[in-house]
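# Understanding the architecture of this molecule
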Amino acid sequence: GFRPGGSDVSSGINAEYGGGGAAEADLAHRLQERSKTIQGVGQWPYRAVAEALKIIPKTLMQNCGVNTIRTMTTLTAKHATGGSTWGVNGETGEIVDMQTFGIWDTLQVKCQVLKTAIETAILLLRIDDIVSGVKKQSDIDAEKMAGKFQQQQQEPPQEE
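Residues numbered from 1 in each chain as written. Predicted model: local features only at pLDDT ≥ 70, side-chain atom pairs only at ≥ 80, totals over all residues. Heavy atoms only, no water.

Confidence in the prediction for the protein chain averages 83 pLDDT; 74% of positions are at 70 or higher. Taken together, the stretch residues 2-14 has pLDDT below 50 and engages in 22 contacts with residues farther than four places along the chain or on a different chain. (pLDDT = per-residue confidence, 0-100. Contact = heavy atoms within 4.5 Å.)

What follows deals with the environment of histidine 29. Position of histidine 29 relative to the elements: it lies in helix α1 (residues 22-35). Sequence separation between histidine 29 and glutamate 51 is 22 residues, and the spatial gap between their C-alpha atoms is 9.5 Å. Residues within four places of histidine 29 in sequence aside, it is in contact with His79 and Ala80. (Helix = DSSP H or I, 4+ residues; strand = E, 2+ residues; numbered from the N terminus.)

This part covers the packing of aromatic side chains. As enumerated under the stated definition, the model contains 0 aromatic pairs in all. Above the plane of the ring of tryptophan 86 lies lysine 78, whose end atom (NZ or CZ) is 4.0 Å from the centre. (Phe/Tyr/Trp six-rings, centres within 6.5 Å; stacked < 30°, edge-to-face > 60°. Lys NZ or Arg CZ within 6 Å of the ring centre and 35° of its normal.)

On the surface, Leu123, Leu124, Ile127 and Val131 cluster together to form a nonpolar patch covering roughly 380 Å² of accessible area. Mapping isoleucine 127 onto the fold places it in helix α6 (residues 107-154). (Patch = residues over 30% accessible without salt bridge, like charges linked within 9 Å, V, L, I, M, F, W, Y side chains within 5 Å. Areas by Shrake-Rupley, 256 points an atom, 1.4 Å probe, with all protein chains shown as cover. Salt bridge = Lys/Arg side-chain N within 4 Å of Asp/Glu carboxyl O.)

Another point: the pattern of salt bridges. Tallied over the entire structure, the rule returns 5 salt bridges. Aspartate 26 is paired through a salt bridge with arginine 30; the nearest N and O atoms lie 3.0 Å apart. Taken as a pair, aspartate 26 and arginine 30 lie in helix α1 at a separation of 4 residues, close to a single helical turn. On the basis of relative accessibility, which here comes to 4%, the residue aspartate 26 falls in the buried class. In this structure, the salt-bridge partner of glutamate 51 is lysine 54, at a minimum N-O distance of 3.1 Å. A cluster of three or more residues bridged by salt bridges with shared partners is formed by Glu24, Asp105 and Lys110. (Buried < 20%, exposed > 50% of the residue type's maximum accessible area, 1.4 Å probe, protein only.)

As for its position among the elements, threonine 68 is in helix α4 (residues 68-80). By relative accessible area, which is 19% here, threonine 68 ends up buried. Threonine 68 has contacts with Lys58, Met61 and Gln62, leaving out every residue within four places of it along the chain.

The computed volume of the largest pocket comes to approximately 620 Å³. Lining the largest pocket are 23 residues, with Val49, Leu53, Leu114, Ala117 and Ile118 positioned closest to its centre. Residue assignment for the lining of the largest pocket shows that the elements contributing at least two residues are α1, α2 (44-53) and α6. Per element, the largest residue contribution to the lining of the largest pocket is 10 residues, and it comes from α6. Split into classes, the residues belonging to the lining of the largest pocket amount to 19 nonpolar, no polar and 4 charged. (1 Å grid on protein atoms, 1.4 Å probe; cavity = no way out; pocket = protein on both sides within 12 Å on 5 of 7 lines; lining within 4 Å. Points joined across faces, edges and corners; volume = space filled by probe spheres on them. Nonpolar A, V, L, I, M, F, W, Y, C, P; charged D, E, K, R; others polar.)

What follows is the structure, given as structure tokens:
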């Protein structure tokens, strides 16, 4: 969870969130829950971002050499029961309460990283839409040309 009052003198940050992937696991859980309230394809972005956020704690687990699936299931269960400060001990791979463990991440930095990542994803999707639109137009042009060619092949030759 969120803890006001921590500070980083160099950047003026005065809020912290559980480290060890706790912030990402908590946000992933919240997005998964939110996606359940949305019908159809509208839920997909929530689920996609939630899955992407889980990469942070999974990477910590892999780096520690623990069973990632089992450990991630334990972490997910902790967050599902309100344990928003639970994360991964980066040395042992165990799931621990980061509030008790004393590991905190700066909230402002987390927010900026997420904002930048989402803006980048949106930009890439826009570029993909543009490229797809250009490709579709070239396909339409190619089909028109093929149709004209076939039409010319079917017409009897003109005799002089």
